[in-house]
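# Architecture at a glance
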Amino acid sequence: MAMGRARKEFITSERERLLEEVPIVDEECNRDFIKAIIEMGGGDVQVCLQCGNCTGVCPVSLKTENKIRNIIKMCQMGLKEKVLSTPWVCATCHRCYEHCPAGMNPAELIVALRHIVVRELGPPPFVVSISNNVANLGQAVEISDEILNLRKKIGLNEKPFDERYRSKAIMDLKTIMKATGYDKLIGIDLGD
């Protein structure tokens, strides 16, 4: 039976994609990367057995090219620049931790990587924007006029919060951000 053209092209392109090899040289391996991950609370990546359970139960693994198992392997090898420049997505649901036979928590690894990225490369613009909104509005996203009008139209209070408590909550948020140094880390000005 002759192989159809579409099937042959699919197999050929998959083989090319799978067989693409990128050599790793010693200069790319940062021996201090594992220590930095541990210092940021990411745990010891060396305990990972590479069994793949984490990737198997990850709800976002089918949606992302970079699976958590591969990210862990790159961390084990000290490929810091590659890891920090790789887009990784994590729902921090901790299912990976529940299924890890070595007791590693890959979700905490991702949180540690986020900390390292912010400290070494700066916060992503959306984090700065959301932080400014939280500090000034008390919420991550500003409520649009359209939503406020819709709330009024269906008989709800125009605003979903009580202004008397909101001002105090915003002051408390700013105090926490200043006390923890979050404002300086993210680069937002909270005033005096």
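From a predicted model like this one, the values you see are computed outputs, not experimental measurements.

Here is what the cut-offs are and how they apply
- Residues numbered from 1 in each chain as written.
- Predicted model: local features only at pLDDT ≥ 70, side-chain atom pairs only at ≥ 80, totals over all residues.
- Heavy atoms only, no water.
- Helix = DSSP H or I, 4+ residues; strand = E, 2+ residues; numbered from the N terminus.
- Buried < 20%, exposed > 50% of the residue type's maximum accessible area, 1.4 Å probe, protein only.
- Contact = heavy atoms within 4.5 Å.
- Areas by Shrake-Rupley, 256 points an atom, 1.4 Å probe, with all protein chains shown as cover.
- Patch = residues over 30% accessible without salt bridge, like charges linked within 9 Å, V, L, I, M, F, W, Y side chains within 5 Å.
- Salt bridge = Lys/Arg side-chain N within 4 Å of Asp/Glu carboxyl O.
- Lys, Arg positive; Asp, Glu negative; His and termini not counted.
- Charge placed at Lys NZ, Arg CZ, Asp CG, Glu CD.
- Core = buried A, V, L, I, M, F, W, Y, C linked by side-chain atoms within 4.5 Å.
- Phe/Tyr/Trp six-rings, centres within 6.5 Å; stacked < 30°, edge-to-face > 60°.
- Lys NZ or Arg CZ within 6 Å of the ring centre and 35° of its normal.
- Axes fitted to C-alpha atoms, helices over the stretch in contact; angles between N-to-C directions.
- Parallel < 35°, antiparallel > 145°, perpendicular 65-115°, else oblique.
- Left-handed = near helix turned anticlockwise from the far one by under 90°.
- Nonpolar A, V, L, I, M, F, W, Y, C, P; charged D, E, K, R; others polar.

Tallying secondary structure elements over the protein gives 11 helices and zero strands in all. Along the protein, from the amino end to the carboxyl end, the secondary structure elements read α-α-α-α-α-α-α-α-α-α-α. Within the protein, the fraction of its 192 residues that count as buried is 28%. In the protein, the share of contacts with a sequence separation of at least 24, taken over all contacts with a separation of at least 6, comes to 62%. Carbon and sulfur atoms provide 55% of the accessible area of the protein, an area that totals close to 13,400 Å².

Mapped onto the elements, D183 comes out in helix α11 (residues 182-186). Other than its neighbours up to four places away in sequence, D183 contacts M177, K178, I188 and L190.

Together, D26, E27, E28 and E81 line one region of the surface with negative charge. Here D26 shows up in the loop between α1 (5-19) and α2 (33-39). We classify D26 as exposed; its relative accessible area is 58%.

Moving on to unusual backbone geometry. Phi at T92 takes a positive value of approximately 45 degrees, unusual for a residue other than glycine. With a phi angle near 65 degrees, H94 is a residue other than glycine that sits in the positive phi range. Mapped onto the fold, H94 is located in the loop between α5 (80-84) and α6 (95-98). Among the residues examined, H94 registers a relative accessible area of 25% and is labelled partly exposed.

Once that is clear, we can look at the nonpolar core. Counting 25 residues, the largest nonpolar core has I37, I71, C75 and L113 as the members making the most contacts within it. Only α2, α4 (68-76), α5 and α7 (106-121) provide two or more residues apiece to this core. Element by element, the count of residues in this core is highest for α7, at seven residues. Listed in part, the seven residues of the second largest apolar core include M177, I186, I188 and L190.

Right, let's get into the packing of aromatic side chains. Each aromatic ring pair is summarised here by two numbers: the centre-to-centre distance and the angle between the ring planes. Under the defined criterion, the tally for this structure stands at zero aromatic pairs. Here the basic side chain of R166 rests over the ring of F161, its NZ or CZ set 3.7 Å away from the ring centre.

What follows concerns the packing of α4 against α7. Axis separation between α4 and α7 bottoms out at 11 Å; the angle between their running directions is 60 degrees. With respect to their mutual orientation, α4 and α7 come out oblique. Between α4 and α7 the crossing geometry is left-handed. Residues I68, I71, I72 and C75 of α4 form the contact with α7, whose own contacting residues are P106, L109, I110 and L113. Here the contact of α4 with α7 is composed, by residue class, of eight nonpolar, no polar and no charged.

Turning next to the pattern of salt bridges. Summed over all chains, the structure comprises five salt bridges. One salt bridge connects R164 with D162, and the closest N-O pair in it is separated by 2.4 Å.

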